[in-house]
Amino acid sequence: MAATLAKHHDVPPFTDHKDLHNVIDATQLGDVPWQSFSVQYTGERPEVVPPWMDDEFEVWYRDPHAMAHNILANPTFKDEIDYTPFREYDTVEDTRCWKDFMSGDWAWQQADTISKDPEAHGSVLVPIILGSDKTTVSVGTGNNEYYPLYASIGNVCNNVQRAHRDALVIIGFLAIPKTDRKHSKDDVFWIFRRQLFHSSLSAILSSLKSAMTKYEVMCCGDGHFRRIIYSLGPYIADYEEQLVLSCIVKHWCPKCIAVRMNLDGGGVYRCRGHTDFLIDELHGDVLWDEFGIIGDLVPFTNDFPQADIHKLLSFDLLHQLIKGAFKDHLVDWVAKYLKAAHGTRWAEEIMSDIDRRVAATGDDSKALMKVFLPAIEGHVPGDMVRAFRALLQFCYLARRDIVTEDTLNQIQDALHRFHHYRKIFDLVVPTFSLPRQHSMIHYTDMIRLFGAPNRLCSSITESKHIKAVKEPWRWSSRHNALGQMLVTNQCLDKLAASCVDFDARGMLTGTILSIAALAHEVAVPDLRRLIRHFLFTQLNRDDPRDPADVPTGSLPRHEGKLQVFNSAAATFFAPSDLSGTGGMRREHICACPLWRNEYPRNDYAQGMRGLEVARIVCFFSFNHNWEVYPCALIQWFEKINDCADEDTGMWMVRPSLHEDGSRHLLFRAAHLLPIYGSEYIPHGLKFYHSIDSFRSFYVNKFADHHAFEIAS
């Protein structure tokens, strides 16, 4: 870098890495320093004191009050923050719809409560959304575990939260008490670990408490000063974490008091008042056995006004539905069913064939969801396929960016069908009273409370693990890594804040090939003719003739170079996001000759009209008469039937063998799955050979929630 600047008589902005670090350290923007406190057991001690009772456990945190202030004051969010609760209605059918968090009933109810205090009139409700989840950074070097705590505010729109634009920040690393094997299962140690979790949260969030009853004035990102009142909002957590948060026994529901052995039998919702009453009136054993309550624990929410942990536990699409109901339950049940129905040896043959059909997904539960339905078709009974279809429909309906009253009805219908068709697993499943599947019953109520579920999914915190925990750990020396990780996070926040500031001040304001070379690379010998046809249609838009009927000498020529691209961005109006901010979806479609140094990747796209599907051979552009023409070389697919497949609910297509001369705009990426039938696939077949090995395909409506809407 210095050498390239020298010939221009310029110097680098920093002399070395130490100079760069000193500049970052001196930056005040986004600087929220780390603090710590130590916790030690203070209860009764036995005659022989276990070592963990003498240990001090250190908790590191940053002031959540300052972090919330930084998010509110961020100018990049100024047009994507809701300062008041609202209720949104569809203009056509005049029905309620839910999207962003502030469109839910919970925010509305909290605002009503705040408004009862005349001093708080005109204040902005700022819900603090929390999330925590243990993560392992290295299995090979000793299972190094960390316990990050994240925070956001409910006012930012869902698209900001999901895009990870620094609207979710790390505010702490909780302690993970450990002891020797002899004492690890002691009841006292087990209670201490859980109460330490609650006490730590209460201490970390204490700086917000005064502003939960009396407003404070601050300048927001749009430059306006507002009165702010904070409130504890939903908590993002998987089922195991929800049990710790709600002080509930395993296998019980943390949201309602349904009986453990019959969770779907129904039960009223839990609440703080009811739980406190039971703890005061009943013995601890009765609480545990009859209500699933751990009476020795006090949840951290008891230290804050208008906070009820049972009401604040949110849904979790990732662990409740994708990894829970789908992967851990139904996928596992298929293997058990095949063994029970066909015997171990034949079942292993069938599972091996299913594994080959889904080989490209690896251990990714989300990817497996997209391809598992057609993979099992032909190997299992029809009702089993329908059970998977109902669950997938539930998942994708709940995953929508905007949920309407009609969507809620569809979710309930999918749940009813899932409960009906899952009975086919009776042969191998002793009980369907499973907390993760039971949570599906609460989704419609929680959508009304908190808005669209994709805002409060633990996949958001898991993604944050990479930037906030795993990458800083890899950059550390691995010795006393936590201190280095804290500094790294602080530096990253300063750089992010500086970037925003530089942009606000105006300080931050693409392979070339010949036609013959590209034709050889993509194995399309007549590419030159296709380009001439394309140019004719572009230059003569009013000419009704088919370019193939035009004399060759009359077709425009292009003999220059082509600029080839490995991907293109498609921006389209998403049917699953009918209103709200933008309403547009952006995604990348790839056409890469060598993906991950292993195989070519040619994505599929859907046309603007109906279900036209095309395989992208390559993207390129060229300059003709001073005008740039972007192009996509594609192979069309045609529908096999006039309706979707009855069992899977997916349309079927096959490669089109004839050119029709038509031109269509590409809409968005599509996902095709081979129609396997009941035949076994060869052992050596790779997933990237599928397009050349099968004659017909499903248009996968379960690829994501947008595809689910488009191809339904």
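Definitions and cut-offs
Residues numbered from 1 in each chain as written. Predicted model: local features only at pLDDT ≥ 70, side-chain atom pairs only at ≥ 80, totals over all residues. Heavy atoms only, no water. Axes fitted to C-alpha atoms, helices over the stretch in contact; angles between N-to-C directions. Helix = DSSP H or I, 4+ residues; strand = E, 2+ residues; numbered from the N terminus. Parallel < 35°, antiparallel > 145°, perpendicular 65-115°, else oblique. Left-handed = near helix turned anticlockwise from the far one by under 90°. Contact = heavy atoms within 4.5 Å. Nonpolar A, V, L, I, M, F, W, Y, C, P; charged D, E, K, R; others polar. Core = buried A, V, L, I, M, F, W, Y, C linked by side-chain atoms within 4.5 Å. Buried < 20%, exposed > 50% of the residue type's maximum accessible area, 1.4 Å probe, protein only. Salt bridge = Lys/Arg side-chain N within 4 Å of Asp/Glu carboxyl O.

## Points about the packing of helix 14 (residues 382-398) against helix 15 (residues 405-421)
Then, number 1: Two elements in contact, helix 14 and helix 15, have axes whose closest approach is 8 Å; the angle formed by their N-to-C orientations is 155°. By the angle class used here, helix 14 and helix 15 are roughly antiparallel. Seen along the crossing, helix 14 lies across helix 15 with a hand that is left-handed. Residues Asp 383, Arg 386, Ala 387, Ala 390, Leu 391, Gln 393, Phe 394, Leu 397 and Ala 398 of helix 14 touch helix 15, and the partners they reach there are Thr 407, Gln 410, Ile 411, Ala 414, Leu 415, Arg 417, Phe 418 and Tyr 421.
Then, number 2: A per-class count over the contact of helix 14 with helix 15 returns 11 nonpolar, 3 polar and 3 charged.

## Regarding the nonpolar core
Then, number 1: Ranked by size, the top nonpolar core spans 141 residues in total, and within it Tyr 230, Phe 300, Phe 372, Phe 388 and Phe 425 carry the most contacts.
Then, number 2: Residues contacting Tyr 230, with those up to four places away along its chain left out, are His 65, Ala 68, His 69, Leu 72, Val 126, Ile 128, Leu 208, Ala 211, Met 212, Glu 216 and Met 218.
Then, number 3: Within the second largest apolar cluster, 17 residues are counted, among which are Leu 518, Ile 531, Phe 622 and Leu 633.

## Digging into the pattern of salt bridges
Then, number 1: On inspection of all chains with the given rule, the structure shows 26 salt bridges.
Then, number 2: One salt bridge connects Arg 62 with Asp 493, and the closest N-O pair in it is separated by 2.6 Å. With Arg 62 in strand 2 (residues 57-62) and Asp 493 in helix 19 (residues 481-504), this residue pair connects regions lying 431 residues apart in the sequence.
Then, number 3: The salt bridge involving Arg 528 is made with Glu 559; its shortest N-O contact spans 2.7 Å. Here Glu 559 lies in the loop between helix 21 (527-539) and strand 14 (562-565) and Arg 528 lies in helix 21, a separation of 31 residues in the sequence.
Then, number 4: Judged by relative accessible area, which is 34%, Arg 528 ranks as partly exposed.
Then, number 5: By relative accessible area, which is 54% here, Glu 559 ends up exposed.
Then, number 6: Residues joined in a network through salt bridges with shared partners are Arg 87, Arg 96 and Asp 105.

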